[in-house]
Structure formats: C-alpha cells, structure tokens
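# Observations on the model geometry
What follows is each chain in one-letter form.
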Amino acid sequence: MFSAVSLLTTVLFALSTASSPVEIRSPLITLPFARSLNTRDGTLNLLQHDQARATALRGRGIATAAGELDRRQGSILVTNEVAHYIAAVGIGSPATTYNLIVDTGSSNTWVGAGIPYEVTSTSVDTGEPVSATYGNYSFSGKEYTDTVTLGCLTITQQSIGVASQSAGFSGVDGILGIGPEDLTVGTLTNEPSTGIPTVTQNLYTQGTIPAEIVGISFEPTTTTSFTNGELTFGGVDSSKYTGTLNYTPLTTTSPASRYWGINESIAYGGTTILSTTAGIVDTGTTLILIASDAFDQYRSLTGAVSDSATGMLRITTLQYIALQNLNFNINGVTYTLTPNGQIWPRALNTYIGGSSSCVYLVVNDIGVGSNSGSGLYFVNGQAFLERFYSVFDTTNARVGFATTPYTDAITN
C-alpha cells in the first residue's frame, strides 16, 4: 500500500492558439498530485520493479511492431507499485475523486483498483471488455465513457477502463495514461486494432487546450511527504525551468519508438559509456536504467559494488566525493546529472532495505541481457526527471528538456 503524501501539481491551460508549445502564466488551476512510496508493505524493491517494467515495455513494443497485439506480456512476476506520482482525478457527475498514477509509459486511463467506480448520470457503459498488463501490474474490466475533471479542466465523454480485476496495486485507484495514443491499441478485447482516445487527445479535440502537450516539473525530495511538482496540459510553464528549453525528435528505432522514445548518448566524466542509441523517458520508472555493457562500465568507473540487500550499486563516502558528472547528450545538448543527482536520497535509505550510513546509486542495469538493447537501451526515469523540466509534445512529435533550479541541488 502507498503511504499518503501530498504533492501539489498545477495544471494550467493557455490563452494562446499557437501550434508550438505555449508559455502558460495564467490562470493557474491546481490539482492534488503526490509522489508516493509504498512503505507500508516493508522494503521497496526498486530494481526488481523497474527491470520488470522495462522488460514489459520492451516486450509490448516488439509485439506491437510485429503486429502481435498481445496484452499479456508473458509470465512476469506481479509486484506492488513502489514509487509513483499520483494525481487526484474526478470522474462522473457529481465527481468521485480517484488517486491515479500519472504514467507516460501507458495511455489507458482506468479506475477500480481501490475505490470502486461510481456510476452517475454521465456514465455510459460501452459493453467493450478491456485489459492491459504492464509487466508488474494489470487490470481487466469494461470500458466506459464519462466526464473527467482535472482541477478545473473538464473532459466530456472520456473513455475510461473500469476494473473488475487488478493486480499489483495497493493504495491507488488506477492510472492516468499520458503516453502516446497508439499504446491503447490492443487493449480492447473485441476490437484489438482500435485505439482509445487519451485524456490529452480529448482535451485538444474538445478545444480545451491549444496543443497536445504535457509539461512536467518535479524537484528532488528526501521525504515520503513533500509537495514537489507541477503538471501542465497544453503548453509549458516557463517559470519552472532555467535557460533554454531544447527539443529532440521522437526516435524512429523500435521498440522505443512506441513510447516517448528518444536518442541519446551517455558519458561518465569524459568517458562515453553508451554511444548514441534509442531509449525512453518514463515517469513510471524510479531509477535510470542503462544497457548491461554500459552499466558494467559505469560500475567499474565509479568503483561501486552491487549491494545484496537493495540490488543497487553502493559506494563509499570517499567514492562519492570523487564521483564525476554523468552527461546525457540529447540532440547535441548535454544535460549533466551531478554526483548528488546520481545517488538515492540518503534519508530514504532504510525504505529500500539499505543502511542509513551508505551511499546508493540510482543508475542500474536495464536487465534482460541487453548489451544490444533490442532497440531500447535506456530508461530515463524519475531520478533524471526530478533534475530537468520535461515536455511531451504529441503535436510536434518531440520531447523537450531544460535545466531547473534543482538541476544542481545537493539535497540527496
């Protein structure tokens, strides 16, 4: 189960109709939004969760590219969610509030894992069975359309899944999917080739926002209860980043191209550990995962050892002092993850089964024996996103990044 935490997020919309990302300054519309750590069930196994998710995302991407719309993704162990960003979303009229995981790695919006779905005057049962499996969690049920409220943003006739069964969830009610729209293809049992309009897509087609764009701002946090983020639909909030917002086109390399996939290279100090290749940006992953050969180089260069209790890399205090920057080169722009950005918050060490006196790194192996990567070599998860403002731009098929006041923070 998730411990309740409060993370205030702002959902803003623009007065301009420009096709490029809009800098949004007013009006401000607030939406409760929480980073949750599943601390009630004991030790968090971050690495197991993230590697299982990466395996599932790669498997679904490969299957979809091959025209095999398989929703089950094999027999991967189902585990509870461990660390996610949670938004309070209203559904129905009058609205029932559901706490939903904000997920860029999936696109179905669904409820019913916790609070039961409440049928109201705006609820329409489509009669369509729906199901999805993401490797470490799943749901099945029926598809409805209903009114969805995000703060003061209202979407009418939004498709939502209503779970009759779900696995891998506790303390949350479902998912708010803000991934690429094609990810919904294959989830309707009787119409596997039919896609489901996403929340962002419907906000745009109903004229509520000027473009299919989502901006995300987080900051590092060292507690399980801290307000640290903002979600923006329809444009970007220039007050949340510093310097220039730079963009990179979505990758064409499969299976990363099925998600918010980009091309990047990674260097530790002056040593390239991952040449330019394809991977994804994902709010549903806590760590930064890289291909096995790149991970081996990173471990060797840092002098880290694998920690049996946490599964993460561990370094000494002296090794932390000597840690070099980890540089992500994305479309010719370098985004530097400082030594402090490469470590798990030490105040939260005990939640992952670690020692309060140790230093653990947030970079790890993507798993599945991926020296070649199979078209998905890396996952830039929350550890990366908490240091850089990010923009997911469907309208222009690109992802953007910028530094923030927290890029060089030393809070961890």
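Up top is the structure.
Residues numbered from 1 in each chain as written. Predicted model: local features only at pLDDT ≥ 70, side-chain atom pairs only at ≥ 80, totals over all residues. Heavy atoms only, no water.

## Remarks on the overall build of the protein
Along the protein, the regular secondary structure elements total five helices and 24 strands. Going through the 412 residues of the protein one by one, you find that 59% of them count as buried. Of the contacts formed within the protein by residues at least 6 apart in sequence, a portion of 70% connects residues at least 24 apart. Summing over all exposed atoms, the protein offers an accessible surface of approximately 14500 Å²; the carbon and sulfur share of this is 50%. (Helix = DSSP H or I, 4+ residues; strand = E, 2+ residues; numbered from the N terminus. Buried < 20%, exposed > 50% of the residue type's maximum accessible area, 1.4 Å probe, protein only. Contact = heavy atoms within 4.5 Å. Areas by Shrake-Rupley, 256 points an atom, 1.4 Å probe, with all protein chains shown as cover.)

## Things to note about the packing of aromatic side chains
Here the distance between the centres and the angle between the planes together describe a pair of aromatic rings. Taken as a whole and judged by the stated rule, the model has eleven aromatic pairs. Each residue in the set Phe328, Tyr335, Phe384, Phe388 and Phe401 is aromatic and connected to the rest through ring pairs, giving one cluster. (Phe/Tyr/Trp six-rings, centres within 6.5 Å; stacked < 30°, edge-to-face > 60°.)

## Brief notes about the pattern of salt bridges
Under the criterion given, the structure shown has six salt bridges. Measuring nitrogen to oxygen at the nearest pair gives 2.5 Å for the salt bridge that ties Asp103 to Arg53. Placement of Asp103 in strand E4 (residues 96-103) and of Arg53 in helix H1 (residues 46-65) is noted, with a sequence separation of 50 residues between them. In terms of burial, Asp103 and Arg53 fall into one category: buried. By sharing partners, the salt bridges in this structure join Arg53, Asp103 and Asp282 into a single network. (Salt bridge = Lys/Arg side-chain N within 4 Å of Asp/Glu carboxyl O.)

## Focus on the sheet that holds strand E20 (residues 359-361)
Ordered by their spatial adjacency, three strands build an open sheet running E16-E17-E20, and the pairing between neighbours is antiparallel. The two strands at the open ends of the sheet, each matched to only one other strand, are strand E16 (305-306) and E20. (Pairing = 2+ DSSP bridges.)

## Points about the pairing of strand E8 (residues 153-167)
For strand E5 (residues 110-111) and E8, the ladder comprises two bridges, and the chain directions are parallel. Following the sheet pairing, Val111 is matched in E8 by Val162. The loop that links strand E7 (residues 138-150) with its antiparallel partner E8 comprises two residues; one of these, Gly151, has a positive phi angle of about 60 degrees.

## Examining the sheet that holds strand E21 (residues 363-365)
With mixed pairing, seven strands are arranged side by side in an open sheet as E19-E18-E13-E14-E22-E15-E21. Each edge of the sheet is formed by a strand with only one pairing partner; in this case those strands are strand E19 (333-337) and E21. The mean inter-strand angle of the sheet, taken between neighbouring strand axes irrespective of direction, is 35 degrees. Relative to strand E22 (residues 378-380), strand E14 (residues 271-281) runs parallel, the two sharing two bridges. Of the residues in E22, the one forming a bridge with Val281 is Asn380. Sitting on the sheet, helix H3 (residues 292-302) is in contact with strand E13 (261-268), E14, strand E15 (288-290), strand E18 (326-330) and E21, with an inclination near 135 degrees to E14. (Axes fitted to C-alpha atoms, helices over the stretch in contact; angles between N-to-C directions.)

## Some words on H1
Taking 1.5 Å of rise per residue, the 20 residues of H1 would be expected to cover 28 Å, and the 28 Å separating its terminal C-alpha atoms lies within 8% of that figure. Burial analysis of H1 places 14 of its 20 residues in the buried class, which makes it a mostly covered element. (Expected span 1.5 Å × (residues − 1).)

## Examining the side chain of Asp50
Along the chain, Asp50 turns up in helix H1. No salt bridge is formed by the buried Asp50. Its closest oppositely charged neighbour is Arg53, at 6.5 Å. A distance of 3.1 Å separates a polar side-chain atom of Asp50 from the backbone nitrogen of Thr286. Excluding residues within four positions of it along the chain, Asp50 makes contact with Gly284, Thr285, Thr286, Leu287 and Leu289. (Lys, Arg positive; Asp, Glu negative; His and termini not counted. Polar contact = N/O pair within 3.5 Å; in protein donor to acceptor, adjacent residues only side chain to side chain.)

## Re the pairing of E14
Here E13 pairs with E14 via seven bridges, running antiparallel. Residue pairing in the sheet places Asn263 in a bridge with Ala278 of E14. Once E13 ends, the chain turns through two residues before running back antiparallel as E14, passing Gly269 with a positive phi of about 60 degrees.

## What to know about the environment of Gln158
Locating Gln158 in the fold gives a position in strand E8. With a relative accessible area of 0%, Gln158 lands in the buried category. Taking the C-alpha atoms as reference points, Gln158 and Thr109, separated by 49 residues in sequence, lie 9.0 Å from one another. Excluding its chain neighbours within four sequence positions, the residues that come into contact with Gln158 are Tyr144, Thr145, Asp146, Val148, Pro197, Thr198, Val199 and Asn202. Within the structure, Gln158 has its side chain in polar contact with the backbone oxygen of Pro197 (distance 3.0 Å). A distance of 2.7 Å separates polar atoms of two side chains, one belonging to Gln158 and the other to Asn202.

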